[in-house]
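Breakdown of the fold
Now for the letters of each chain:
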Amino acid sequence: MTEFYDKVSERLIRYAKINTQSKANTGLDVSTKCQFDLAYELYNELKRINASNVYLDEKSCIVYANILANTSAKGFGLITHMDTAPDASGENVMPWILKNYDGKDVLLNKEKNIIISPKDFPNLLNYIGSDIIFTDGTTLLGGDDKAGIAAVMTFAEYIINHDEIKHGLISIAFTPDEEVGGLAKNLDFKRFNVPVAYTLDGDHKGYYSFETFNALEAQIKIKGLSVHTGTAKGIMKNAITIATDIMSKIPLNERPENTCEREGFYHPVLFEGTCEEAYLRILIRDFDKDLFNKKKEFIECLINNANKKYNDTIATITWSNGYPNMGEYTTKVKGLVENLIEAIKASNITPIELPFRGGTDGSSLSSRGLPCPNLSAGYENAHGRFEYVPIDNMEDNVRILIELAKIYAKEA
Ligand SMILES: [Zn+2]
């Protein structure tokens, strides 16, 4: 237990009780109003701990703050997201602390007999002896990403109160809608005002990522031709048949359920239609740019072939919702990833690299000019009712961030 124990646990519990669930496809600047409740809380808290330039952008729901430099060292930013995933309820979250976990089943909810067991979640066994924050098993906890916010806030307070620790400008942003593809799109780089940043998101202890997938989504529309079945021969073009034909050619061994580590995939996420019209949505993902481009060409080829086979304009394709592998950008900045690894090691934690099989706000930010690797926020079982956060994972992150500030100061 460190001096940060009370601070990080009180913070995570307070933030978790504020519902900030985001919502997909609303078309709004900020998908749900409730995210502002946490934004105001954090805004007021940043003021209380004497952070500088504290600002809440009322339109984008982004909270900004600075810890001003006390030396000429290079600055860096820290970004965490305030929303929780739409996958599980974030309302009436009831966080509680289990002290000194003994490796056995944990009763989360006596009334509903909800138990979390290491038989189902062996990751619990990594935390024997830890104090752990759980829920009552009916909602997510929201440690994704409020464990990240708790660590960043505690770090900020500590650095502000310890002027003897030399550091450059440290810029903080708390963002909305990460879980629904917000990509920190409204982050104001001028206000943020640092050349590089780190997100704190993701599970486990000591994990970091500087690579994400390259990503795109194919939206395929198939225009069929429906006529009476009695006179259909040689005339009808059934959009469902054509869609099935296309779908059947997407390799089964290159799907998310059959791939891992650095393997890319095709992921069909929508298949609907009538004889007259059908729609397909297929995600493509790959770390490797060439393999990614080949996947894109393959889908385009399937569409061309369908058009040749059935009619030259029967199927059309639109590409959207893309982001690049942030490794393209993060590896070009000297020291960016190395400093993070050094900070993790300096905190006596083993750094573990994990190419992130998804996207982060960092993938988009990196391609827009703010290279932004990720440090795990230390939660487990995110997006579900069995999410939990070992308190020492958050304490570790505070220590890692302090080391990071010191390492950047050495570069002055
Ligand atoms: Zn997250």
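A quick note: this is a predicted structure, and the numbers were derived from the prediction, not measured.

1. A look at the sheet that holds strand β14 (residues 315–323)
- Strand order in the open sheet formed by four strands is β12-β13-β11-β14, with antiparallel pairing between adjacent strands. Two strands bound the open sheet, and with one partner strand each, they are β12 (265–273) and β14. If you compare each strand with its neighbour and ignore which way they point, the axes differ by 15° on average.
- Strand direction decides the pairing type here: strand β11 (residues 214–223) and strand β13 (residues 277–286), joined by 10 bridges, are antiparallel. The partner of Q219 across the bridge, within β13, is R281.
- Strands β11, β12, β13 and β14 of the sheet are contacted by helix α5 (residues 239–248), whose axis makes an angle of about 15° with β13.
- Contacts between helix α6 (residues 289–310) and the sheet are confined to β11, β12, β13 and β14, with β13 contributing the most and set at about 160° to the helix.

2. Details of unusual backbone geometry
- The omega torsion of the bond from D144 to D145 falls at 15°, within 30 degrees of zero and hence cis.
- Positionally, D145 belongs in helix α3 (residues 143–161).
- Its identity as a non-glycine residue notwithstanding, N100 has a phi of 50°, on the positive side.
- Among the secondary structure elements, N100 is positioned in the loop between β4 (96–98) and β5 (106–109).
- Phi at N113 is positive, roughly 50°, even though this residue is not glycine.
- Among the secondary structure elements, N113 is positioned in the loop between β5 and β6 (114–116).
- We classify N113 as exposed; it has 9 C-beta atoms within 10 Å.

3. Here we look at the pairing of β12
- In terms of strand pairing, β12 meets β13 through eight bridges, oriented antiparallel. Within β13, the position partnered with F265 by the bridge is R285.

4. Some thoughts on the environment of N214
- On the secondary structure map, N214 appears in strand β11.
- Each C-alpha atom, one on N214 and one on F155, is 32 Å from the other, the two residues being 59 residues apart in sequence.
- With residues near it in sequence (within four places) discarded, N214 still touches D286, K289, F292, P324 and N325.

5. Thoughts on α5
- By the burial criterion, the buried members of α5 are A239, I242, A243 and I246. The buried residues of α5 occupy an angular sector of 100° when projected down its axis, which confines them to one face.
- Contacts from the buried residues of α5 go to β11, β12, β13, α6 and β14.

6. What about the sheet that holds strand β8 (residues 170–175)?
- One open sheet accounts for eight strands, arranged β1-β2-β8-β3-β9-β16-β10-β15; its pairing is mixed. If you trace the sheet from one side to the other, it starts and ends with β1 (52–57) and β15 (352–353), each paired once.
- The pairing of strand β2 (residues 62–67) with β8 spans five bridges and is antiparallel. When the sheet's bridge partners are listed, I67 is paired in β8 with I170.

7. Describing the pairing of strand β9 (residues 197–200)
- Judged by which residues are buried, β9 turns out to be covered on both faces: A197 and T199 on one side and Y198 and L200 on the other are all buried.
- Note: strand β3 (residues 76–81) against β9, three bridges, orientation parallel. Looking at the pairing, L78 lines up with Y198 of β9.
- Bridge count between β9 and strand β16 (residues 374–375): two bridges; the pairing is parallel. For L200, the partnering residue across the bridge sits in β16 and is L375.

8. Structural notes on the packing of α5 against α6
- Contact geometry of α5 with α6 gives a least axis separation of 10 Å together with a crossing angle of 140°. Here α5 lies oblique to α6, going by the angle between them. Read as a crossing pair, α5 and α6 show a hand that is right-handed. Across the interface between the two elements, I242, D245 and I246 from α5 touch L302, A306 and Y310 from α6.

9. Here we look at the nonpolar core
- Membership of the largest hydrophobic core comes to 88 residues, with the highest contact counts inside it found for A151 and V389.
- Among the elements that take part in this core, helix α10 (residues 391–410) stands out by supplying 10 residues, more than any other.
- Residues within four places of A151 in sequence aside, it is in contact with V8, L200, A377, M394, N397, V398 and L401.
- Counting residues in each nonpolar core, the second largest holds 19 residues, with A243, Y266, A278 and I282 among its members.

Reading the values: rules and limits
- Residues numbered from 1 in each chain as written.
- Predicted model: local features only at pLDDT ≥ 70, side-chain atom pairs only at ≥ 80, totals over all residues.
- Pairing = 2+ DSSP bridges.
- Helix = DSSP H or I, 4+ residues; strand = E, 2+ residues; numbered from the N terminus.
- Axes fitted to C-alpha atoms, helices over the stretch in contact; angles between N-to-C directions.
- Contact = placed C-beta atoms within 7 Å.
- Buried ≥ 20, exposed ≤ 12 C-beta atoms within 10 Å, placed from the backbone.
- Arc of directions from axis to C-beta.
- Parallel < 35°, antiparallel > 145°, perpendicular 65-115°, else oblique.
- Left-handed = near helix turned anticlockwise from the far one by under 90°.
- Core = buried A, V, L, I, M, F, W, Y, C linked by C-beta atoms within 7 Å.

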